[in-house]
Each structure stands twice: as structure tokens, then as C-alpha cells.
Amino acid sequence: MSTEWPEEAYRLLREGGVDQFAYVPDAGHQHLIDRSIADPEVHSIALTTEEEGVGMLAGAHLGGSRGVLLMQSSGVGNCINLLSLIRAGRFPFLTLISMRGDFGEGNPWQMPMGQSTQPVLEACDVICLRIDEPGEVARTIGAALTMAFQNEMPVAVLLGQKLLGAKKF
Amino acid sequence: MADPTNDAMTDAMNGTLDRTRAADYPLRRREVVAALLADRGDMLVVAGLGAPVWDCTAVADHPLNFPLWGAMGGAAVMGLGLAMAQPDRRVLVITGDGEMLMGLGALSTIGAQRPDNLAIVVCDNERYGETGMQLTHTAGSLDLPAMALAAGFESAAGISSDNEFKAALPAIRSAHGPAFWCIKIRAENSPIGAMPPKDGVTLKDRFRAALLGAA
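The model shown is predicted, which means the values in this text are computed figures rather than measured ones.

(A) Broad picture of the overall build of chain B. The helix and strand inventory of chain B stands at nine helices and eight strands. Taking 215 residues into account, the globule formula puts the C-alpha radius of gyration at 17 Å, and chain B, at 17 Å, falls close to it. Dimensions of chain B, computed from C-alpha atoms along their principal axes, come out at roughly 65 × 35 × 30 Å. Taking all contacts inside chain B whose residues are at least 6 apart in sequence as the whole, residues at least 24 apart take part in 77%. Within the structure as shown, chain B displays about 9,000 Å² of accessible surface, and the carbon and sulfur contribution to it stands at 55%. In chain B, the 18 positive side-chain charges and the 24 negative ones have mean positions that sit 6 Å from each other.

Below you can see the structure in the form of C-alpha cells.
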């Protein structure tokens, strides 16, 4: 996978004021995770489950910080109840989601949550912006930053398997 | 084979929970939380859903409380995000045993981050108080402070008497974090009393205004 667009994504997030990077690891987020660990100016927070990141980022906003949650699409299901906090408090919320169960997926067990990811997020009032080409990354992440933090809205950027490449297992 | 001096342990090892002991615990939740929040200075408080919210609000509907009306399991991690954003302010999470048990992974995430300014107090009545006082796992052998220590907390302790509580109060305010206390409180139905605003936007906006100044 290219490191060009992930490096651009990291730069945009930092320029957008993001300094809490919470994640449950996925191969599609490897570069962003590594950059956040190496960056002394940010907090890099490994989670045990994705819903922790939802609560954590609401706390960050209470304290005047901006954060992003990096997760795989399979983690979206874990977040549902905690997303009620985002909606009830109209907290800004930004998540970058690496898709599985998407274009060209080779593992049938990844399909149910992958195909449910966007409908589940939209049922929880999370706006979904999808990226399938490297050339769309900068514009989409810029748009997501504005919508999440200026409008105080929940926004998910879905990194599709056309962009990331599909796994065969 | 039962050892009559060790019934509680035997019950716990058998997977049974103690249905009666918490009715006799000497510490009372309203007095404990009132002492936690007395002379609070500029401390930031996150209250887990249910009785801890009512207890905190009984002391004062303070703008630097963030009371959770839902999001069960989220209080500790909300405290973590807040503590990292405000490293110079003491952050105190006051929550219940059922709420803490729903987000136990938070202990390991906090233990890995080790924020110096974060303290968590679990008011443990060994019950799900809002749903009919059903027993939680802490009515058995489950040891929350041991879990917090094993997860990497700087300190963690159980409290079950007034003397222990009074002795711990200064540390709850100022000990290096992450620090954890599990306070055994009497299982009793307290009147709810005063409620904080229900509107989450109001709660968020007033907290940020009090902490960060006008938007």
C-alpha cells in the first residue's frame, strides 16, 4: 500500500488540530498509527475495543482537544450505544474506517459487518464520506474535518477496499 | 468440606454471589460523594450513569460536572480523553460498579496511557441500582482494585470503612495517577432528588464555557 496518501492524511489531521489518535489497529491504518506513535506532539492511544474511543473523544472535546478514531469496519458495531453520547451531546466526532467486507473481499465472515457498516452508521446519524481513489483523500479528509469540528457533527470517512486493496483471507 | 469460617469465599468459588453483605456496609453513598466533592477547587468531574449522577447533583449542579444520562461503560474513557486534554487539572471519574464492569477494557487502556491527573472512584454497592438492585459480579470475589493494579494503574485500593475513607481523601484529590479506589457502600435505595439538566448539549456547552471560556 502506498504511504503517500496516508502521509497526506496525517498532515491534514495535524493541521486540523487533531492531537488524540485513538485506534484499534488495522493494516489500512498502519502508517497513521506509526506516525502518531512517533510524534511527540500527540497522544497515540491503543484501545481494547472501538467504543472506548467514542467516549474518549467526547472527553477530549470537553477538555478542548480534537481527536480521531481509527478503526476497521468490523469495529463499527461495537460503537453503537456509545454513539448515543455523540448524538445527545452534539459532540464533534471524526472516525477513519478501513473497510473489510467490501470490494473484492475474500473472507466471507467479513461480509456481514462490512456491508452493514454504512447503514449502521447512518442509522446513528453519522455522516459517511467514502474514498475509493488516492486522489480523493485530501479533499475528503479536509471536508470531514470541517464538518465534524466546525459543525459539531459525527463524520465517518470510509476507506474502501478499492483504495486499500482487498484481503484474500 | 465447607469451612464455616470461610463461607463467603466458598460461595464465591462456587460462583455464587453474596446477597446480603452489602446491606450492612457502613459507608453511605450520599455522604461519600459529598466528601469527594467538598472543596473541589478546579477539579473536573465525570459522573457515570445512574446513582452517581444523582449523588453528584445532590451536592451541587456544578458546570464542571459532566453527568452521563446514558453511554454505560463510557465514564472512565471519557475521563481519559479529558485528562489528556487538560493535563494540569485533576480529573475525577465517579461511577458505579455496574457501569465500570461494562467497560473493563478501559482499565487496561488507561493503565497503558498512565495519565498522572486521572482518578477513578467506583461507588460499589454490588448492585445494578437503576434496574431493580440486581447483583453485580462485585458481590462475589471480583476485585476491581486488583484489576486496576494489574492493568498498570499507579495505585489502587479498596475502601470499606469510614476511617479508611477519611485517610484516602487527600490521595483521591492529589495522588499521582492513574489512581483507582473502590469504595464499598451500603446497598440501599436513595431518593433520586435533584437531577442535572437532561440536555446533553447544555451539559457540554456549560462545561466547556466554565473550563475554556466563552466559545
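(B) Seen up close, the confidence of the model for chain B. Residues and elements named next belong to chain B. Averaged over chain B, the pLDDT score is 93; the fraction of residues at 70 or greater is 92%. Long-range and interchain partners of residues 1-5, a stretch whose pLDDT sits below 50, account for zero contacts in this model, where long-range means more than four residues apart. If you check the scores for this complex, the pTM reads 0.94 and the ipTM reads 0.96.

(C) Main features of the nonpolar core. One finds Met56, Leu69 and Leu85 of chain A together with Phe66, Met78, Ile120 and Phe180 of chain B to be the most contacted residues of the largest nonpolar core, which totals 59 residues. If you tally residues by element for this core, the top one is helix 4 (residues 75-85) of chain B, at eight residues. Beyond its immediate sequence surroundings of up to four residues, Phe66 of chain B is in contact with Leu62, Leu85 and Phe91 of chain A together with Val45, Val46, Ala47, Met78, Gly200, Leu203, Lys204 and Phe207 of chain B. The next biggest cluster of nonpolar side chains, apart from the first, holds 28 residues, and it includes Leu12, Ile131, Leu145 and Ala148 of chain A.

(D) Broad picture of the interface of chain B and chain A. On the chain A side, the residues contacting the 25 residues of chain B number 27 residues. Taken together, both faces of the contact between chain B and chain A bury some 2,000 Å²; the carbon and sulfur share is 62%. By the criterion of area lost to chain A, the three top residues of chain B are Met78, Met84 and Lys204 of chain B, representing 26% of everything that side buries. Joining chain B to chain A, the criterion identifies one salt bridge. Where chain B packs against chain A, one counts ten residue pairs in polar contact (both at pLDDT 80 or more). Looking at the side of chain B that touches chain A, the elements that each hand over two or more residues are helix 4, helix 6 (105-113) and helix 9 (200-212) of chain B.

(E) Representation of helix 6 (residues 137-151) of chain A within the structure. Residues and elements named next belong to chain A. Its 15 residues give helix 6 an end-to-end C-alpha distance of 20 Å, which sits within 8% of 21 Å, the value for a rise of 1.5 Å per residue. Where helix 6 is concerned, the buried positions are Val137, Thr140, Ile141, Ala144, Leu145, Ala148 and Phe149. Down the axis of helix 6, the buried side of the element spans an arc of 135°, and every buried residue falls inside it. Across from the buried face of helix 6, at angles greater than 90 degrees, the exposed residues are Arg139 and Gln150. Just downstream of helix 6, Glu152 is the residue with a positive phi angle, here 55°.

(F) Here's a closer look at the sheet that holds strand 3 (residues 66-72) of chain A. All names here are of chain A. Ordered in space as 2-1-3-4-6-5, the six strands form an open sheet in which the pairing is parallel. Edge strands, defined here as strands with exactly one partner in the open sheet, are strand 2 (43-46) and strand 5 (127-131). Ignoring strand direction, the axes of neighbouring strands in this sheet form an average angle of 20°. Summarising the sheet, strand 5 and strand 6 (residues 154-159) pair through five bridges and their orientation is parallel. Following the sheet pairing, Arg130 is matched in strand 6 by Leu158. Helix-sheet contacts for helix 2 (residues 30-38) involve strand 1 (18-23), strand 2, strand 3 and strand 4 (93-98), and the interaxial angle to strand 1 is about 125°. Together, strand 4, strand 5 and strand 6 form the strand contacts of helix 5 (residues 111-123), whose direction differs from that of strand 6 by roughly 175°.

(G) Highlighting the pairing of strand 3 of chain A. All names here are of chain A. In terms of burial, strand 3 is largely enclosed, as six of its seven residues are buried. The sheet contact formed by strand 3 and strand 4 spans four bridges and is parallel. Paired with Gln72 across the bridge in strand 4 is Ser98. Handedness of the crossover joining strand 3 and strand 4 through helix 4 (residues 83-89): right-handed.

(H) Up close: the sheet that holds strand 1 (residues 44-47) of chain B. Residues and elements named next belong to chain B. Taken together, six strands build an open sheet; the order of strands is 2-1-3-4-8-7 and the sheet is parallel. The open sheet has two free edges, formed respectively by strand 2 (65-67) and strand 7 (155-159), since each of these has just one partner strand. Strand-to-strand twist of the sheet, defined as the mean angle between neighbouring strand axes without regard to direction, takes the value 15°. Strand direction decides the pairing type here: strand 3 (residues 91-96) and strand 4 (residues 118-124), joined by six bridges, are parallel. When the bridges of strand 4 are listed, Leu92 appears paired with Ala119. Contacting strand 1, strand 3, strand 4 and strand 8 (179-184), helix 2 (residues 29-37) crosses the sheet at an angle of about 165° to strand 4.

So, how was this worked out
- Residues numbered from 1 in each chain as written.
- Chains lettered and ligands numbered in written order.
- Predicted model: local features only at pLDDT ≥ 70, side-chain atom pairs only at ≥ 80, totals over all residues.
- Heavy atoms only, no water.
- Helix = DSSP H or I, 4+ residues; strand = E, 2+ residues; numbered from the N terminus.
- Rg over C-alpha atoms; globule rule 2.2 N^0.38 Å.
- Contact = heavy atoms within 4.5 Å.
- Areas by Shrake-Rupley, 256 points an atom, 1.4 Å probe, with all protein chains shown as cover.
- Lys, Arg positive; Asp, Glu negative; His and termini not counted.
- Charge placed at Lys NZ, Arg CZ, Asp CG, Glu CD.
- pLDDT = per-residue confidence, 0-100.
- Core = buried A, V, L, I, M, F, W, Y, C linked by side-chain atoms within 4.5 Å.
- Buried < 20%, exposed > 50% of the residue type's maximum accessible area, 1.4 Å probe, protein only.
- Buried area = accessible area lost by both parts, 1.4 Å probe.
- Salt bridge = Lys/Arg side-chain N within 4 Å of Asp/Glu carboxyl O.
- Polar contact = N/O pair within 3.5 Å; in protein donor to acceptor, adjacent residues only side chain to side chain.
- Expected span 1.5 Å × (residues − 1).
- Arc of directions from axis to C-beta.
- Pairing = 2+ DSSP bridges.
- Axes fitted to C-alpha atoms, helices over the stretch in contact; angles between N-to-C directions.
- Right-handed = clockwise from strand over helix to strand, strands pointing away.

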